[in-house]
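Topology and contacts: notes
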There are 2 protein chains.
Amino acid sequence: MTYSERATKFTNKVARELFEIVERKKTNLALALDVTTKQEFLNITDSVGPYICCLKTHIDILVDFDDELIEQLKRLQAKHSFLIFEDRKFADIGNTVKHQYSQGIYKISEWADIIDAHSLPGDGIVSGLKEVGLPLGRGLLLLAEMSSKGSLATGSYTDATVEMAQRHKDFVIGFIAGRKLLMNDDFVTMTPGVGLDVTKDGLGQQYRTPRDVILESGSDIIIVGRGIYGSGKDVIAEARRYRDVGWNAYEERIGKK
Amino acid sequence: MTYSERATKFTNKVARELFEIVERKKTNLALALDVTTKQEFLNITDSVGPYICCLKTHIDILVDFDDELIEQLKRLQAKHSFLIFEDRKFADIGNTVKHQYSQGIYKISEWADIIDAHSLPGDGIVSGLKEVGLPLGRGLLLLAEMSSKGSLATGSYTDATVEMAQRHKDFVIGFIAGRKLLMNDDFVTMTPGVGLDVTKDGLGQQYRTPRDVILESGSDIIIVGRGIYGSGKDVIAEARRYRDVGWNAYEERIGKK
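Given the structure is predicted, the values throughout are model-derived calculations rather than measurements.

Considering the sheet that holds strand 4 (residues 114-118) of chain A
Residue and element names in this part refer to chain A. The parallel closed barrel is built from eight strands, whose spatial order is 1-2-3-4-5-6-7-8. Neighbour to neighbour, the strand axes of the sheet diverge by 30° on average, direction disregarded. With five bridges joining them, strand 4 and strand 5 (residues 139-143) adopt parallel strand pairing. Pairing of Ile114 across the sheet is with Gly139, part of strand 5.

Now the structure itself:
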């Protein structure tokens, strides 16, 4: 099924927007932007913006974060058209994540279209986040699998996560996972740990290729980080390269190639 | 075994300090301080400080956090003698948590004696945190069980978490769990979801009594939050009450009562 066809199937606004952007910009590339200064953050976002459907942030690693950054980020979002996914990996009980999502310095619910959470604490984590996010038109991804070595998010853990998502389809738009987990097309699948040139880092991260992820494993969105802006990289050239490889794999999957 | 005897068994400095404070102040109470303003945060900490061994924080829910707060918190720590446990529940790959722990606005590694993490991503999460925390003399708790309804941290997940801790005994000082998980006394057990007056909240949290946790389940530290500073509570009276009930349960366990 094409991204456009998929877009129409969601009741959740953010999920529809995501696939509309993917189809319009012809990119299933999400940038995982793990830098620690505003300057780098904004420069790379502006450079890579035309080639991505989604910007994945870790807002809490920026040493000079301030409210102005959010304003600048929103301007770049309007300029380039991408969704913002704060990869907070919420992992606490419902009452706590509700505060972490809406309060504090970062006020994530005010600017992040998409957030993610671990299913580990049980349904309360989804209920807590939903209380905040659903009225704001946000969407949640559940972490069903992880790309790191020795991850415990496998087997029955993954199955329980899928069941949890199905109980909260109004707010849970999909999964962080290595592969499409359900036969139906009701959920978005985003896959991290994607790289063309290396297979691991020194702290347990493992990389797979965009073609493997999109074509073989049926995922929807590739998440690429250090492969694009790592030391010595030409970020625009790398972003185009990943966009092209990811899109070609998609066209091959739907039979256009 | 007494807290003092336990203290001598640890190579990790923070674990030793924790049990020394517990014994000296005769309290196994940790306060879970989930408030959203500096003023409340500091007022409650100063009031409850004499009765606790550990202050558990969610620094990222404070709407008016600034560097001055950390200075004020450190002054209260020196005044009352307790350890600071930032309940960040790190839950990402090693390279990311390393940044989340040391960078950003909060610079958690600079002021938190103890942090916690989910074992879910695999050993890389411990390795990443250890790179930052071990040289600073910090300690890590792994979440082996959770107190919320429908938690997936059970069975083989809990077992794998215990095994992970045993592979990293220099930095992992113990567990967040509902009960003592190993026959030996090599790890600290801290138990959240403790309350005397209620059994649940509206978002899946479930409460047990201090006596149940310390005496029946063999845990070391009770973590109490809304039971102490919830609406209409006399925080000093409640802190004393939980301290007394927790300590009596401990004395009963070691046969002094």
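Text resumes after the structure shown.
Structural notes on the nonpolar core
Grouped together as the largest cluster of nonpolar side chains are 178 residues, with contacts concentrated most on Leu129(A), Met190(A), Leu129(B) and Met190(B). Setting aside chain neighbours within four positions, we find Met190(A) in contact with Leu18(A), Cys54(A), Phe85(A), Ile114(A), Leu141(A), Phe175(A), Ile176(A), Ala177(A), Ser219(A), Ile221(A) and Ile223(A).

What about the UniProt feature "active site" (unreviewed entry) in chain A?
As annotated in UniProt, the feature "active site" (unreviewed entry) corresponds to Asp87(A), Lys89(A) and Asp92(A) in the numbering used here. The topology assignment puts Asp87(A) in strand 3 (residues 83-90). Of the residues examined, Asp87(A) reaches a relative accessible area of 3% and is grouped as buried. Setting aside anything within four residues of it in sequence, one finds Asp87(A) in contact with Lys56(A), Thr57(A), His58(A), Asp116(A) and Asp92(B). Here Lys89(A) is to be found in strand 3. If sequence neighbours within four positions are ignored, Lys89(A) has contacts with Asp116(A), Ala117(A), His118(A), Leu143(A), Met146(A), Ala91(B) and Asp92(B).

Some remarks on the interface of chain A and chain B
The partner chain B presents 49 residues to the 49 residues of chain A that form the contact. Three residues, Leu120(A), Leu152(A) and Leu203(A), lead the burial of chain A against chain B; their summed loss comes to 20% of the area buried on that side. Our enumeration of links across chain A and chain B arrives at four salt bridges. Notably, a salt bridge pairs Arg88(B) with Asp60(A), separated by 2.9 Å at the nearest N-O pair. For the interface between chain A and chain B, the tally reads 10 residue pairs in polar contact (both at pLDDT 80 or more). Looking at the side of chain A that touches chain B, the elements with two or more residues in it are strand 3, helix 5 (94-102), helix 6 (124-133) and helix 7 (155-167) of chain A. If you tally residues by element for the side of chain A that touches chain B, the top one is helix 5 of chain A, at six residues.

Topic: the packing of helix 3 (residues 38-48) of chain A against helix 4 (residues 67-80) of chain A
A pair of packed helices is captured by two measures, namely the crossing angle of their axes and the spacing between those axes. Residue and element names in this part refer to chain A. Contact pair helix 3 / helix 4: the axes reach a minimum separation of 10 Å and the direction vectors enclose 5°. The angle between helix 3 and helix 4 falls in the class roughly parallel. Between helix 3, through Lys38, Phe41, Leu42, Thr45 and Asp46, and helix 4, the contact on the second element is made entirely by Glu68, Leu69, Gln72, Leu73, Leu76, Lys79 and His80. A per-class count over the contact of helix 3 with helix 4 returns five nonpolar, three polar and four charged.

Focus on the pattern of salt bridges
With the rule as written, the count across this model stands at 51 salt bridges over all chains. Asp220(A) is the partner of Arg6(A) in a salt bridge, and the nearest nitrogen-oxygen pair spans 2.9 Å. In this pair, Arg6(A) sits in helix 1 (residues 3-8) while Asp220(A) sits in the loop between helix 8 (210-216) and strand 8 (221-224), placing the two residues 214 residues apart along the sequence. Residue Arg6(A) is classed as buried on the basis of its relative accessible area of 3%. Residue class for Asp220(A) comes out buried when judged on its relative accessible area of 2%. The salt bridge partner of Asp92(A) is Lys89(B), with a shortest N-O separation of 2.8 Å. One end of the pair, Asp92(A), is in the loop between strand 3 and helix 5; the other, Lys89(B), is in strand 3 (residues 83-90), on a second chain. One exposure class covers both Asp92(A) and Lys89(B), and it is buried. Sharing partners across several salt bridges, the network here consists of Arg6(A), Lys180(A), Asp185(A), Asp220(A) and Arg253(A).

Calculation notes
- Residues numbered from 1 in each chain as written.
- Chains lettered and ligands numbered in written order.
- Predicted model: local features only at pLDDT ≥ 70, side-chain atom pairs only at ≥ 80, totals over all residues.
- Heavy atoms only, no water.
- Pairing = 2+ DSSP bridges.
- Helix = DSSP H or I, 4+ residues; strand = E, 2+ residues; numbered from the N terminus.
- Axes fitted to C-alpha atoms, helices over the stretch in contact; angles between N-to-C directions.
- Core = buried A, V, L, I, M, F, W, Y, C linked by side-chain atoms within 4.5 Å.
- Buried < 20%, exposed > 50% of the residue type's maximum accessible area, 1.4 Å probe, protein only.
- Contact = heavy atoms within 4.5 Å.
- UniProt positions renumbered as here; feature names shortened; annotations may be inferred.
- Buried area = accessible area lost by both parts, 1.4 Å probe.
- Salt bridge = Lys/Arg side-chain N within 4 Å of Asp/Glu carboxyl O.
- Polar contact = N/O pair within 3.5 Å; in protein donor to acceptor, adjacent residues only side chain to side chain.
- Parallel < 35°, antiparallel > 145°, perpendicular 65-115°, else oblique.
- Nonpolar A, V, L, I, M, F, W, Y, C, P; charged D, E, K, R; others polar.

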